[in-house]
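A closer look at the structure
Below are the chains, spelled out letter by letter.
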Amino acid sequence: MHAGDAVLVAEVVRSGLVESRHRGSVVGLNADGTAAFAVGATEAPMYPRSSNKPAQAAAMLRLGLPLDGELLALAAASHSGEPFHLDGVRRILALGGLDVPALRNTPGYPIDPETMVAYVRQGGEPSSLTADCSGKHAAMLLTCVVNSWPTDGYLDPAHPLQAAIGATVAELAGEAVARTGVDGCGAPLFAVTLTGLARMFRSLALAEPGTPERRVVDAIQAHPEYTSGSTRDEAELIGGVPGLFCKAGAEAVLAGALDDGRAFALKIDDGGFRARTVVMVAALQRLGVDAPVLDKLATAPVLGGGVPVGDLRVAIDWN
């Protein structure tokens, strides 16, 4: 094992035998910003994917985005496509005199299973509105309107909106953007290290009250179901751990921070979501967080014949 490589972070045990293993990386910061732990490839550039969204929302607030409360939480969302999410996206667009066709994010179905089934039964097809990134894109369009910038081409990395967002990501992460790619929704995607991602969340959490950065955190903490969904583990964790805010990203990225400045970020190497939550719980517990919801989510059952026959559990060597 070479320094900086991903390491074993979780394993699936079925009937007493390890069936599968997940490798990844995880970093934690103490309240004063010093390193609490660093396991795996924490200093290599990576794409945070949607874990960048709170910083993107803060950048838009700096540019005059006129949102607060649940609509600001939705601007930082990878939402489930539930009816209240879609209504919120329409409300954001309406503030700019825009409608759904203005959205340029990749069309998709609602990601909440029950919502998706109901949507398809009603004849729904993939759309930019029901896709999980539509709140962010609606906020991007509204920010353009507020600044009299063209809405056509708002996803171009050279657009003034995206240039400002990239600069904010770098500032909050405390490091230069290593690469600019294209996210699944079509927006520019700014790469930082996993440690930089943890610093980004810490910067947001410790921002002064009323600042754009802290307003984003307050909105997510007050309305976690708008940033994820009513049945999502992110909303359950935020609701169950006082002072926590967190945001997941595609390819099994997850980052968060507490109001006192403790922060973490993780990436599961294979991109599979199933190990993400148990590793997050272990990171929070390693940072000294204690809450009943963490005990509940610390493992996940492995089923055989519809009954538990093992579990998915953390397998990190913290040394």
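Below you will find a few notes about this structure. Note on numbering: residues in each chain are counted from 1, in written sequence order. Only residues with pLDDT of at least 70 are given local features in this predicted model, and only at 80 or more are side-chain atom pairs given and counted; all residues enter the totals for whole chains, interfaces and linings. Note: side-chain values were computed over all heavy atoms of the structure, leaving out hydrogens and water.

For soluble globular proteins, nonpolar side chains are generally found buried alongside one another. Leu 67, Leu 197, Phe 264, Val 279, Met 280 and Leu 294 are the most contacted members of the largest nonpolar core, which has 96 residues in total. Elements are defined by DSSP. Helices are runs of H or I of four residues or more, strands are runs of E of two residues or more, and each kind is numbered from the N terminus. Tallying contributions element by element places helix 7 (residues 194-206) first for this core, with seven residues. With near-sequence residues (within four places) excluded, Val 279 lies in contact with Val 9, Ala 10, Val 26, Leu 266, Ile 268, Val 314 and Ile 316. For our purposes a nonpolar core is just a set of buried Ala, Val, Leu, Ile, Met, Phe, Trp, Tyr and Cys residues, chained together by side-chain atoms within 4.5 Å. We call a residue buried when its accessible area falls under 20% of the maximum for its residue type, exposed when it is over 50%, and partly exposed in between, using a 1.4 Å probe and counting protein chains only. Residue contacts are defined here by distance: any two heavy atoms, one from each residue, within 4.5 Å place the two residues in contact.

Let us look at the packing of helix 5 (residues 134-146) against helix 6 (residues 160-173). One way to put it is that helix 5 packs onto helix 6 with a least axis distance of 10 Å and a crossing angle of 115°. The angle between the axes of helix 5 and helix 6 places the two elements in the roughly perpendicular class. Remark: the crossing between helix 5 and helix 6 carries right-handed chirality. Here Met 140, Thr 143 and Cys 144 of helix 5 come into contact with helix 6, specifically with Leu 161, Gln 162 and Ile 165. Of the residues belonging to the contact of helix 5 with helix 6, the class tally is four nonpolar, two polar and no charged. As a rule, the C-alpha atoms of each element are fitted with a line to give its axis, helices using only the stretch in contact, and angles between N-to-C directions run from 0 to 180 degrees. The labels follow the angle: roughly parallel below 35 degrees, roughly antiparallel above 145, roughly perpendicular from 65 to 115, and oblique for the rest. Crossings are assigned a handedness: left-handed for a near helix turned anticlockwise from the far helix by less than a right angle, right-handed for a clockwise turn. For this classification, Asp, Glu, Lys and Arg are treated as charged, while Ala, Val, Leu, Ile, Met, Phe, Trp, Tyr, Cys and Pro are nonpolar and the rest, including Gly, are polar.

What follows deals with helix 6. Along its 14 residues, helix 6 runs 20 Å from first to last C-alpha, staying within 8% of the 20 Å computed at 1.5 Å per residue. Among the residues of helix 6, those classed as buried are Leu 161, Gln 162, Ile 165, Gly 166, Thr 168, Val 169, Ala 170, Leu 172 and Ala 173. Close packing links the buried residues of helix 6 with helix 1 (53-62), helix 5, strand 6 (188-193), helix 7 and helix 8 (212-222). Gly 174 occupies a position one or two residues after helix 6 and carries a positive phi of about 70°. Between the first and last residue of a helix there are one fewer steps than residues, each counted as 1.5 Å, and that sum is the expected span.

Right, let's talk about the pattern of salt bridges for a bit. Pairing is possible between side chains of opposite charge, provided their charged atoms come close. By salt bridge we mean one thing: a side-chain nitrogen of Lys or Arg within 4 Å of a carboxyl oxygen of Asp or Glu. Under the criterion given, the structure shown has 15 salt bridges. One salt bridge in this structure joins Glu 171 and Arg 62, with 2.9 Å as the shortest N-O distance. Separated by 109 residues along the polypeptide, Glu 171 in helix 6 and Arg 62 in helix 1 bring together distant segments of the chain. Residue class for Arg 62 comes out partly exposed when judged on its relative accessible area of 35%. Residues Glu 175 and Arg 199 are paired through a salt bridge, measuring 2.6 Å at the closest nitrogen-oxygen approach.

The element strand 6 is largely enclosed, with a buried count of six among its six residues. Residues Pro 188, Phe 190 and Val 192 line one face of strand 6 and the alternating positions Leu 189, Ala 191 and Thr 193 line the opposite face, and both faces are buried. Any two strands with at least two DSSP bridges between them are considered paired. As defined by bridge partners, strand 4 (residues 45-46) adjoins strand 6 across two bridges and the pair is classed as antiparallel. Paired with Met 46 across the strands is Val 192, a residue of strand 6. The pairing of strand 5 (residues 179-182) with strand 6 spans four bridges and is antiparallel. Its bridge partner being in strand 6, Val 182 is matched across the sheet by Pro 188.

Our next topic: the packing of helix 1 against helix 5. Running from N to C, helix 1 and helix 5 cross one another at 20°; their axes reach a closest spacing of 10 Å. Taken together, the axes of helix 1 and helix 5 lie roughly parallel to each other. When the axes of helix 1 and helix 5 are compared, the crossing they make is left-handed. Of the residues in helix 5, those in contact with Lys 53, Gln 56 and Met 60 of helix 1 are Lys 136, Ala 139, Met 140 and Thr 143. Split by residue class, the contact of helix 1 with helix 5 holds three nonpolar, two polar and two charged.

Time to look at the pairing of strand 8 (residues 253-258). Burial within strand 8 is extensive, with six of its six residues counted as buried. Every second residue of strand 8 is oriented toward a common face, with Val 253, Ala 255 and Ala 257 on one face and Leu 254, Gly 256 and Leu 258 on the other, all of them buried. In terms of strand pairing, strand 7 (residues 244-249) meets strand 8 through six bridges, oriented antiparallel. Looking at strand 8, one finds that Lys 247 is bridged to Ala 255. Relative to strand 9 (residues 263-268), strand 8 is paired through five bridges, and the arrangement is antiparallel. When the bridges of strand 9 are listed, Val 253 appears paired with Lys 267.

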